[in-house]
Amino acid sequence: MEKPRMFLVEDLEDKIIDAATKYYINFTNEVEEFDPQYFAKLLEGPQLHDFVQTTFEKIQHLNNQEINKYLTVSLSQFKTHQPDRRYDFLKKLFFQKYWIPNDMEEHYIRMPEHQSKYFDHVFYYYDKYFHLYHEAADQVLQDFKKGYLGSFADFALPNTVQPKQKLKTNLSVKELAYLFRVLYDEEIIDSKHKTDIFNFIAENFSSKQKEDISANSIKNAFDTPDFNTVDFWQEKFTHFMQKARKDKEK
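This is a predicted model, so every value here is computed, not measured. (Residues numbered from 1 in each chain as written. Predicted model: local features only at pLDDT ≥ 70, side-chain atom pairs only at ≥ 80, totals over all residues. Heavy atoms only, no water.)

Visitor: Break down the packing of helix H1 (residues 8–28) against helix H4 (residues 64–80) for me, with residues and values.
Guide: Axis separation between H1 and H4 bottoms out at 7 Å; the angle between their running directions is 60 degrees. Overall, the two elements H1 and H4 adopt an arrangement that is oblique. Where H1 abuts H4, its residues Leu8, Val9 and Glu10 lie against Tyr70, Leu71, Ser74, Gln77 and Phe78. Grouping the amino acids of the contact of H1 with H4 by side-chain chemistry returns 5 nonpolar, 2 polar and 1 charged. (Axes fitted to C-alpha atoms, helices over the stretch in contact; angles between N-to-C directions. Helix = DSSP H or I, 4+ residues; strand = E, 2+ residues; numbered from the N terminus. Parallel < 35°, antiparallel > 145°, perpendicular 65-115°, else oblique. Contact = heavy atoms within 4.5 Å. Nonpolar A, V, L, I, M, F, W, Y, C, P; charged D, E, K, R; others polar.)

Visitor: With reference to specific residues and values, describe the pattern of salt bridges.
Guide: Within this structure, the stated rule accounts for 14 salt bridges. A salt bridge links Lys58 to Asp11; the shortest N-O distance between them is 3.7 Å. Taken together, the residues Lys58 in helix H3 (residues 46–59) and Asp11 in helix H1 connect sequence positions 47 residues apart. On the accessibility criterion, Asp11 (13% relative accessible area) is buried. The closest approach of N and O atoms between Lys243 and Asp247, which form a salt bridge, is 3.1 Å. Remark: Asp247 and Lys243 occur in helix H10 (residues 227–249); sequence separation between them is 4 residues, near one turn of the helix. Taking the relative accessible area as the measure of exposure, Asp247 reaches 33% and is therefore partly exposed. One connected set of salt bridges, linked through shared partners, spans Asp11, Lys15, Asp50 and Lys58. (Salt bridge = Lys/Arg side-chain N within 4 Å of Asp/Glu carboxyl O. Buried < 20%, exposed > 50% of the residue type's maximum accessible area, 1.4 Å probe, protein only.)

Visitor: Kindly report on the nonpolar core, identifying the contributing residues and their values.
Guide: One finds Phe39, Phe51 and Leu71 to be the most contacted residues of the largest nonpolar core, which totals 44 residues. Contributing elements (two or more residues each) for this core: H1, helix H2 (38–44), H3, H4, helix H5 (83–99) and helix H6 (113–145). For this core, the element with the most residues is H6, which contributes 15 residues. Among all residues touching Leu71, those that are not within four sequence positions of it are Leu8, Thr55, Ile59, Val140, Leu141 and Phe144. Leu171, Ala177, Ile197 and Phe222 belong to the second-largest nonpolar core, a separate cluster that totals 15 residues. (Core = buried A, V, L, I, M, F, W, Y, C linked by side-chain atoms within 4.5 Å.)

Pasting the structure below:
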């Protein structure tokens, strides 16, 4: 019986770099126009759909023991192959794939600046959405252990996966971060790790300036609020208090 050649994260890395290489070649040769949101849409939609679908295809011919081993080892790769640990490897792989069939490995450190910036752009979105693939793989393993999978041949996903729609706000990143800081300080939000709050805000909200905001920018604003932001919310909280008082009198 033929075993899968790659575990899930290895296969994902290979496909992401293939997509990055193809897109880079296309827009640098003016085959298509560069879209800054291309990889956000790809990783949150079609690529995620493909990941789940191919996971089932990889294990459908294996017996239960082989399936359990394959998924368990694959899940462990989400720790050993976290993006920040694989940055240099992936950058080198991108450079190699771009120059195929030429062997340019020794010139990797001389990657042109514009190519290096493009890779960092791709890597940013890969790192941002990596958790979605971890969650998807873990769900497959848990469903397998609970006996929910049934016939793999019958498994199907919708043809399209719509990207998550973020909640648009009329707040700046600093104002949004301070609001959640107040909720956290007042123990209205119960979270063991602040990073969970930062990631939640980045994944679910848009500021008045940007559709996509980074967890890091939220963290900086959360930890060190400035005077203008605090002043903004002091005025808003005063309005809230006045409204609450009126609502009590109704």
